[in-house]
Amino acid sequence: MGKIPAVTDRNYNIHYYEVDIHKRALMTSIIDYLGDMAMYQSEVLGVGIEHLKENKSAWVLYKWDITMDSYPLLNETIKIKTFAHSFNKFYAYRKYEIIDVKGNKIGYANSVWILINTDRRRPIRITKDMYEAYGIDDSNNTPIDIEDIVPITTVNSEKSFQVRYSDIDTNMHVNNVKYAAWALETVPKDIVINYELRNIKVIYKKETTYGEIITVNTEIIREENKIICRHKIINEEGTELTLLESTWIQ
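Values in this document were obtained by computation on a predicted structure and should not be read as measured data.

With that settled, the discussion passes to the packing of helix α1 (residues 27–44) against helix α4 (residues 176–185). Angle between the axes and distance between the axes are the two parameters that describe a pair of packed helices. Closest axis-to-axis distance for the α1/α4 pair is 10 Å, and the angle between their directions is 170°. Taken as axis vectors, α1 and α4 run roughly antiparallel relative to one another. The segment α1 lies against α4, with M27, T28, I31 and D32 engaging N176, V177, A180, A181 and L184. Here the residues of the contact of α1 with α4 are counted per class, giving six nonpolar, two polar and one charged.

Rendered as structure tokens:
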């Protein structure tokens, strides 16, 4: 009989500073909770920040695929459940469920992470202690497939941002949610106000650092019942850092 992956859950109260004009939690707030849950589970299981630092390793996010069927409102409480689905070489696949106070599933997410050596900034094979801590069977290497993002062909919206000190996380990286925030800033106001962001996919390709200027190019594809925005984040040299796709429903 195979091992059972460790499932961790935690409640989050929706604060005033985490909502939009409709009093709904922002997608960036949801992403913050998901990132927090991954680290919280690692801490609970004894393989958190200090363990990683001692082993000169860190988890780096590679892909997000997040779907929200509805959003929690100001002062509501949600429960987020997460577990490591499988490991394959240096890739880790993590799943999430987002549940409202009545027990209804209002959202879910898949993610892909890479374990790196922090000195060499190179991927390393996931270690035996990680398999043990997360309850992953050695034979469980089934990946979660998050499809690629179609490259943009036209730039309909563009904005540039300077990376601030407050954008940096414990790995000395730009926190992954910042890339989503930058991309969503380029979505026209009429879409943000009149549509609901139902899905966001993110593929992280290269890091950016404190002080750099990044630019977001966005293509807006209007379909009959939805709008798809494809986003490309580049640095000053034109190097692709992150690709994103946001799907908006009226």
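Another aspect to go through is the side chain of T67. Topologically, T67 is positioned in strand β2 (residues 57–68). Overall, T67 belongs to the buried group, its relative accessible area being 14%. A polar atom in the side chain of T67 sits 2.9 Å from the side chain of N199. Apart from the residues lying within four places of it in its own chain, the contact partners of T67 are I106, G107, Y108, R198 and N199.

Moving on, we get to the nonpolar core. Counting 62 residues, the largest nonpolar core has M27 and W64 as the members making the most contacts within it. Here this core takes seven residues from α1, the largest share from any one element. Once residues within four sequence positions are removed from consideration, M27 is found in contact with I66, M68, Y71, L184, L197 and I200.

A separate point is the pairing of strand β4 (residues 91–99). When strand β3 (residues 77–88) meets β4, the two strands line up antiparallel, connected through nine bridges. Among the inter-strand pairings, S86 is bridged to a residue of β4, identified as Y93. Here β3 hands over to β4 after two residues, with K89 in that stretch at a positive phi of 60°. Alignment of β4 against strand β5 (residues 105–117), held across nine bridges, turns out to be antiparallel. Counted as the bridge partner of I98 is G107 from β5. Between β4 and the antiparallel strand that follows it, β5, lie five residues; G103 among them carries a positive phi value of about 90°.

Moving on, we come to the pairing of β5. Counting buried positions over the 13 residues of β5 gives 11, a clear majority of the element. The sheet contact formed by β5 and strand β6 (residues 122–123) spans two bridges and is antiparallel. Looking across to β6, one finds that N117 is bridged to R122. In sequence, β5 turns back onto β6 through a hairpin of four residues, with R121 there showing a positive phi of about 55°.

Turning to the environment of E18, a few remarks are in order. Of note, E18 is situated in the loop between β1 (7–13) and α1. Put simply, E18 and I234 are 216 residues apart on the chain and 27 Å apart in space, counted from C-alpha to C-alpha. Each residue touching E18, except ones within four places of it in the same chain, is listed here: N13, R24, A25, L26, S29 and Y33. Engagement of the side chain of E18 in a polar contact is seen with the backbone nitrogen of H15, the distance being 2.8 Å. A polar contact is formed between the side chain of E18 and the side chain of Y33, at a distance of 2.9 Å.

Criteria and cut-off values
Residues numbered from 1 in each chain as written. Predicted model: local features only at pLDDT ≥ 70, side-chain atom pairs only at ≥ 80, totals over all residues. Heavy atoms only, no water. Axes fitted to C-alpha atoms, helices over the stretch in contact; angles between N-to-C directions. Helix = DSSP H or I, 4+ residues; strand = E, 2+ residues; numbered from the N terminus. Parallel < 35°, antiparallel > 145°, perpendicular 65-115°, else oblique. Contact = heavy atoms within 4.5 Å. Nonpolar A, V, L, I, M, F, W, Y, C, P; charged D, E, K, R; others polar. Buried < 20%, exposed > 50% of the residue type's maximum accessible area, 1.4 Å probe, protein only. Polar contact = N/O pair within 3.5 Å; in protein donor to acceptor, adjacent residues only side chain to side chain. Core = buried A, V, L, I, M, F, W, Y, C linked by side-chain atoms within 4.5 Å. Pairing = 2+ DSSP bridges.

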